[in-house]
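# Observations on the three-dimensional arrangement
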Amino acid sequence: MYARSTTLHAQPGSLDAGIANFRDEILPALRDMEGFVGASLLVDRESGMCIVTANWATPEARQASAEKVRPLRDQAARILNAEAVEVNEWEIAVMHRDHRAPEGACVRATWAKVDPAGADRAVDMWKLVVLRKAEALEGFCSASMMTDRASGRSVATITFDSKEALQRSREQAANIRAGAVKEIGAEILDVREFELAVAHLDAPELV
């Protein structure tokens, strides 16, 4: 599977309007596009950072959607009063769900980079090491890893049932990341926590 993520740096006061726009306008439009297999909206209410990720069954479906989603992206940026918009394309290397995310679920996202020559090994090690340890965390709901093998960049997400479970996991998650850096040889680029504002994910299990 494949994904396109759009990161918008919004004005915090515009977030509720942006969430409503995604739920009521963008998501229905995406559902009508061939090859669409789910989308999510992550929101950080303090910084205004929002990430929309749309999943596609094939790279061809993702490519075919590019022009169709452009006006939706522009509309979202206007509603959110977004100062900057960044678009990235990924391969979904891992998708594992213990159970569907309940209302109030939260997500920790970790961006990392490895030598592109070691991208395949990094994905395998993430499955064997990071995912197995993440599953044992209190409140674990699901996890995913998206990668750009050509650049060695990746973003991994772990979803928790509640904000409280996310917060209680911070120390353990930091230890897991430290072990991954040593085991995989990854450079951690950024770690952020989000509210899972909207989730409509029909993507199959990929582990």
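## Things to note about the environment of serine 14
- Relative to the helices and strands, serine 14 is located in the loop between strand E1 (2-9) and helix H1 (15-31).
- On the basis of relative accessible area, serine 14 is assigned to the buried category, the value being 9%.
- Here the alpha-carbon distance between serine 14 and alanine 39, two residues 25 residues apart in the chain, equals 20 Å.
- Those residues in contact with serine 14 that lie beyond four places of it in its chain are Ile79, Leu80 and Asn81.

## Considerations on helix H5 (residues 170-184)
- Here H5 is 15 residues long and its end C-alpha atoms lie 20 Å apart, about the 21 Å a rise of 1.5 Å per residue gives.
- Buried within H5 are the following residues: Ala173, Ile176, Ala180 and Ile184. Angular distribution of buried residues about the axis of H5 spans 60°; they occupy a single face of the element. Exposed residues lying more than 90 degrees from the buried face of H5 are Glu171, Asn175 and Lys182.
- Tucked into the core, H5 has its buried residues touching strand E5 (106-113) and helix H3 (119-135).
- Glycine 185 sits one or two residues past H5 and shows a positive phi near 80°.

## Regarding the pairing of strand E4 (residues 85-97)
- As paired strands, E1 and E4 are joined by 7 bridges and run antiparallel to one another. Looking at the pairing, tyrosine 2 lines up with glutamate 91 of E4.
- By the bridge criterion, 6 bridges tie E4 to strand E6 (residues 140-148) in an arrangement that is antiparallel. Across the sheet, residue valine 94 finds its bridge partner in E6, namely methionine 145.

## A closer look at the nonpolar core
- Membership of the largest hydrophobic core comes to 26 residues, with the highest contact counts inside it found for Val94, Trp126, Ala143, Ile158, Phe160 and Ile184.
- Going through the elements one at a time, E4, E5, H3, E6, strand E7 (153-160), helix H4 (163-168) and H5 are the ones with two or more residues in this core.
- Ranked by residue count, the leading element in this core is H3, at 8 residues.
- Once you skip the residues sitting within four places of it in the chain, phenylalanine 160 turns out to touch Ala105, Cys106, Arg108, Leu137, Glu138, Gly139, Phe140, Cys141, Ala165, Leu166 and Ser169.
- Ile19, Ile26, Phe36 and Val198 belong to the second largest nonpolar core, which has 24 residues in total.

## Examining the environment of arginine 4
- With respect to the secondary-structure elements, arginine 4 resides in strand E1.
- Along the chain, arginine 4 and arginine 45 lie 41 residues apart, while their C-alpha atoms are 22 Å from each other.
- One polar contact links the side chain of arginine 4 to the main-chain carbonyl oxygen of arginine 62, over a distance of 2.5 Å.

## A closer look at the pairing of E7
- Among the 8 residues that make up E7, 7 are buried, leaving the element largely enclosed by the rest of the structure.
- In the sheet, E6 pairs with E7 via 8 bridges, with the strands oriented antiparallel. Each bridged residue has a counterpart across the sheet, and for serine 144 the counterpart in E7 is threonine 157.
- Linking two consecutive strands that pair antiparallel, namely E6 and E7, is a turn of 4 residues; a positive phi of about 85° is found at glycine 152 within it.

About the cut-offs
- Per chain, residue numbering runs from 1 following the sequence as it is written.
- For a predicted model such as this one, the threshold for reporting local features is a pLDDT of at least 70, and the threshold for listing and counting side-chain atom pairs is 80 or more; totals across whole chains, interfaces and linings nevertheless cover every residue.
- Hydrogens and water are ignored here; the side-chain numbers use all heavy atoms of the structure.
- Secondary structure elements are taken from DSSP: a helix is a run of H or I of four residues or more, a strand is a run of E of two residues or more, and numbering for both begins at the N terminus.
- Here the term buried applies to any residue with accessible area under 20% of the maximum for its type, exposed to any over 50%, and partly exposed to those in between, with areas from a 1.4 Å probe on protein chains only.
- Residues are treated as being in contact if the distance between any of their heavy atoms lies within 4.5 Å.
- What a helix should span is 1.5 Å times the count of its residues minus one.
- Directions drawn from the helix axis to the C-beta atoms are what define this arc.
- Any two strands with at least two DSSP bridges between them are considered paired.
- Here, nonpolar core means buried Ala, Val, Leu, Ile, Met, Phe, Trp, Tyr and Cys residues that are tied together by side-chain atoms lying within 4.5 Å of each other.
- Residues adjacent in sequence count toward polar contacts only when both atoms are side-chain atoms; beyond that, a polar contact is any pair of N or O atoms within 3.5 Å, and within protein one must be able to donate a hydrogen and the other to accept it.

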